[in-house]
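Structural description and commentary
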Amino acid sequence: MDGSAAETGETGADFLQLDTAEAPSGGLTDWLARRLREAVADGRLPAGSRLPASRVLSAELGVSRGVVTDAYRRLAESGQLAGRGRGGTVVLGPAPAVPPAVPQSVPYPAPQAVLGEAPPLFRDDPDAEVFDQLRAAPARIDLTPGVPDLAAFPRAAWLRAERAVLDGLAASDLGYGDVRGAPVLRQAVAHWLARNRGIRADPDEVLVVAGTAQALALLGRALGRVGITEVAVEDPGSLGARQHLAHWLQATPPVPVDAEGIRVDALRATGAPAVLLTPAHQYPTGVVLGGERRRELLRWAGEGGLVIEDDYDAEHRYDRPPVPALRAELPDRVCYAGSISKLLAPALRTGWLLVPPRLRAAVLDAKRFADLGNPVLPQLVLARLMESGELERHLRLLRRRHRRRRDAMIAAIRTHLPTATVHGAAAGLHLMLTLSEQLGFTDVELATAALARGVKVQPLSWHARLPCPPGLVLGYAAGSPGGIAEGVAVLGELVRSAGRRSSSG
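Description of the structure in this document. Here the residue numbering is sequential within each chain, running from 1 through the sequence in written order. Under the rules for a predicted model, residues below a pLDDT of 70 receive no local features and side-chain atom pairs below 80 are neither given nor counted, while totals for whole chains, interfaces and linings still include all residues. Water and hydrogen atoms were dropped before computing side-chain values, which therefore reflect all heavy atoms in the structure.

A word on the packing of helix α3 (residues 54–61) against helix α4 (residues 65–77)
Between two packed helices, the angle of one axis relative to the other and the distance separating the axes together describe the packing. Fitting a line to C-alpha atoms yields each axis, with helices limited to the stretch in contact; the angle taken between N-to-C directions then spans 0 to 180 degrees. Helix and strand assignments follow DSSP, with helices taken as H or I runs no shorter than four residues and strands as E runs no shorter than two, numbered in order from the N terminus. Two numbers describe how α3 lies on α4: the axes approach to 8 Å, and their chain directions differ by 125°. With respect to their mutual orientation, α3 and α4 come out oblique. Crossing hand, α3 versus α4: right-handed. Across the interface between the two elements, S54, R55, L57 and S58 of α3 pack against R65, V68, T69 and Y72 of α4. In this classification, the charged set is Asp, Glu, Lys and Arg, the nonpolar set is Ala, Val, Leu, Ile, Met, Phe, Trp, Tyr, Cys and Pro, and all remaining amino acids, among them Gly, are polar. Each residue belonging to the contact of α3 with α4 can be placed in one class, and the counts come to three nonpolar, three polar and two charged. In this scheme, roughly parallel covers angles under 35 degrees and roughly antiparallel covers those over 145, while 65 to 115 is roughly perpendicular and the rest are oblique. Left-handed describes a crossing whose near helix is turned anticlockwise from the far helix through less than a right angle; right-handed describes the clockwise counterpart. Here, two residues are considered to be in contact whenever any of their heavy atoms come within 4.5 Å of each other.

Below, the structure written as structure tokens:
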């Protein structure tokens, strides 16, 4: 995308007669992306034409280069542009016609829109379909947690690895694979876990699964076969993970989490024989399981308890050293689940599961009768990326990008939500906010009003069954700094307007 104005054949300041004075305050990226889309749609930017280099256009417009690159990225994601390396950024053509996210004839509600008129999506007791509904809900700005920077997917590296795999593939490799996963990927995962999580595992211990969701489903079925029908869960803790376990088990009792992680005394009090944990970066609070609490938990496990360790985003850390996985210390009492959903993309549906010897046969049977094993070709490509060092290089890139976006979100929160408390900033892809309980509305009502304004968030109360303050869980990995700032500004406006109504009432 880099080059000079002469190389691109554009005139810089005259390009599309762009005038930043037309842009609304704080909305430069949205404005530029809209103007580019309009030019592609009406033919002023015909298919095959090249756009100015991002540094050239940013200099001519007097804006940061990030504004231009984010606008280009948005059009690339919708299929209107494509980066061609030294060939620059090329127009592919108009995007397929889709209904607008919000009908253009219906304006966004004013900041004084009444909180509390919750559509079926936002309610206090969400059902199993809620995440499908939330993903489908249209929004200008998506701050829901759990989504990585999908625009950063290493397409070129993936294609190179895929070509290399196909070039060396024997005809027999296209048959049914090992239900445990391709041997080359199981070995690559074992090496990855040793390098990045301190886990020493034999490749034969690794089971390739379709993400953490399937890992929990397989464990739920296998635990039932050995007589375990109750698994305790952290509270607050992942609503999605709890729902997956609850589908297969009789009970998932909540255990409170504090600043040191799960309270092991409360875990003992439940009498549950097993517990699901996110010890490296507790979801959603972001706390790390403290040293003494960790030792207490391992004593509980050593006495016969079983730990399910969901290591969902442990590689994404910014301000602290890595925390060793529990599996590294007590492999005979810890089931370990990881995936590439936060490293590459959830769409690949690829993860891994390590279980103690007594559960392996039951888990393997559950996997066999679920799907006969994951698709083999993506496993071979992923193994090549892991063993070549390409995945580590991609992780380093993500850490830099995610850190900038996290910092943008924290700065916006300080400006627009100064009374909110931020939790879990040192790692991960999301922040947890807690708000004053005197504001006069629930976090479900706040999420409802935010979605009506085009900003998608998750209420903290979705992830808790025990009493907790109102709050939000906000993802930052997939958004641009400008979009993040705009979304948080909307949240701040809603909180202030609700506070004014509360005080006047």
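Resuming the write-up.
Brief notes about the pairing of strand β5 (residues 231–235)
Of all the five residues making up β5, five are buried; the element is thus mostly covered by neighbouring parts of the structure. Two strands pair when backbone bridges link them, and β5 and strand β6 (residues 254–258) are joined in this way by three bridges, in the parallel orientation. Along β6, the bridge assignment pairs V233 with P254. Each residue's exposure class comes from its accessible area (1.4 Å probe, protein chains only) as a fraction of the maximum for that residue type: buried when under 20%, exposed when over 50%, partly exposed otherwise. Here, any two strands with at least 2 DSSP bridges between them count as paired.

Considering the packing of helix α8 (residues 211–225) against helix α9 (residues 239–248)
With their axes 8 Å apart at the nearest point, α8 and α9 run at an angle of 30° to one another. Of the possible angle classes, the one that applies to α8 and α9 is roughly parallel. Relative to α9, α8 is oriented so that their crossing is right-handed. For the pair formed by α8 and α9, the contact residues are A213, L216, A217, G220 and R221 on the first element and A241, H244, L245 and W248 on the second. Taken together, the residues that form the contact of α8 with α9 break down as six nonpolar, two polar and one charged.

Regarding unusual backbone geometry
Phi is mostly negative for residues that are not glycine, and the peptide bonds are mostly trans. Omega for the bond connecting D235 with P236 falls within 30 degrees of zero, at 0°, which places this linkage in the cis form. Locating P236 in the fold gives a position in the loop between β5 and α9. In this model, Y283 is joined to P284 through a cis peptide bond whose omega is 5°. With respect to the helices, strands and loops of the structure, P284 is situated in the loop between β8 (274–277) and α11 (291–302).

Quick notes on the sheet that holds strand β10 (residues 334–339)
Pairing in this open sheet of eight strands is mixed, and the strands run β4-β11-β10-β9-β8-β5-β6-β7 from one edge to the other. In this open sheet, the two strands that pair with only one neighbour each are β4 (207–209) and β7 (261–262). With four bridges connecting them, β8 and strand β9 (residues 306–310) associate as parallel partners. Within β9, the position partnered with A274 by the bridge is L306.

Some remarks on empty space enclosed by the protein
The definitions used throughout rest on a 1 Å grid laid over the protein atoms alone, on which a cavity is an enclosed set of points accommodating a 1.4 Å probe that cannot get out and a pocket is an open set flanked by protein within 12 Å on both sides along at least five of seven lines; lining residues are those having an atom within 4 Å of a point. Grid points are joined across faces, edges and corners, and a volume is the space filled by probe spheres set on the points. Using the criterion set out here, one finds two cavities of 30 Å³ or more in the structure. In this structure, the largest cavity spans a volume of roughly 80 Å³. Together, V233, E234, G237, S238, A241, R242, L276, L277, T278 and D310 line the largest cavity. Of all the secondary structure elements, the ones that give two or more residues to the lining of the largest cavity are β5, α9 and β8. Partitioned by chemical class, the residues of the lining of the largest cavity number four nonpolar, three polar and three charged. The volume enclosed by the second largest cavity comes to roughly 40 Å³.

With respect to the pattern of salt bridges
By definition, a salt bridge exists where a carboxyl oxygen of Asp or Glu is found within 4 Å of a side-chain nitrogen of Lys or Arg. A full pass over the atoms with the stated rule returns 30 salt bridges. For the salt bridge of R140 with E486, the shortest nitrogen-to-oxygen distance reads 2.8 Å. Here R140 is found in the loop between α5 (130–136) and β3 (141–142), whereas its partner E486 is found in helix α16 (residues 481–504), with 346 residues between them in sequence. Given a relative accessible area of 37%, R140 falls into the partly exposed group. Among the ionic pairs, D149 bridges to R401, the shortest N-O distance being 3.1 Å. With a gap of 252 residues between them, D149 in the loop between β3 and α6 (155–167) and R401 in helix α14 (residues 390–416) connect regions that are remote in the sequence. Residue classification places R401 among the buried residues on the basis of a relative accessible area of 19%.

What to know about the packing of aromatic side chains
The geometry of an aromatic ring pair comes down to the distance between the two centres and the angle between the two planes. Between 30 and 60 degrees the pair is tilted, below 30 it is stacked and above 60 it is edge-to-face, where a pair is any two Phe, Tyr or Trp rings, Trp via its six-membered ring, whose centres lie within 6.5 Å. All chains considered together, the criterion is met by three aromatic pairs. With centroids separated by 5.7 Å and ring planes inclined at 50°, the aromatic side chains of F153 and W158 adopt a geometry described as tilted. Residue F153 is classed as buried on the basis of its relative accessible area of 19%.

Comments concerning the pairing of strand β16 (residues 471–475)
Here β16 lies mainly inside the structure; five of its five residues are buried. Because side chains alternate across β16, one face comprises the buried residues G471, V473 and G475, and the other comprises L472 and L474, equally buried. Sheet analysis places strand β13 (residues 430–434) next to β16, joined by five bridges and oriented antiparallel. Bridged to M432 within β16 is V473. Pairing geometry for strand β15 (residues 458–459) and β16, over two bridges, is antiparallel. Looking at the pairing, Q458 lines up with V473 of β16.

Topic: a nonpolar patch on the surface
Here the term patch refers to residues with relative accessible area over 30% and no salt bridge, with like charges joined within 9 Å and nonpolar side chains (Val, Leu, Ile, Met, Phe, Trp, Tyr) within 5 Å. Note on areas: these come from Shrake-Rupley sampling with a 1.4 Å probe, and a residue is covered only by the protein chains present in the view. Together, L166, L174 and L377 make up a nonpolar patch on the protein surface, roughly 280 Å² of accessible area in all. Following the sequence through the fold, L174 ends up in the loop between α6 and α7 (183–197). On the basis of relative accessibility, which here comes to 59%, the residue L174 falls in the exposed class.

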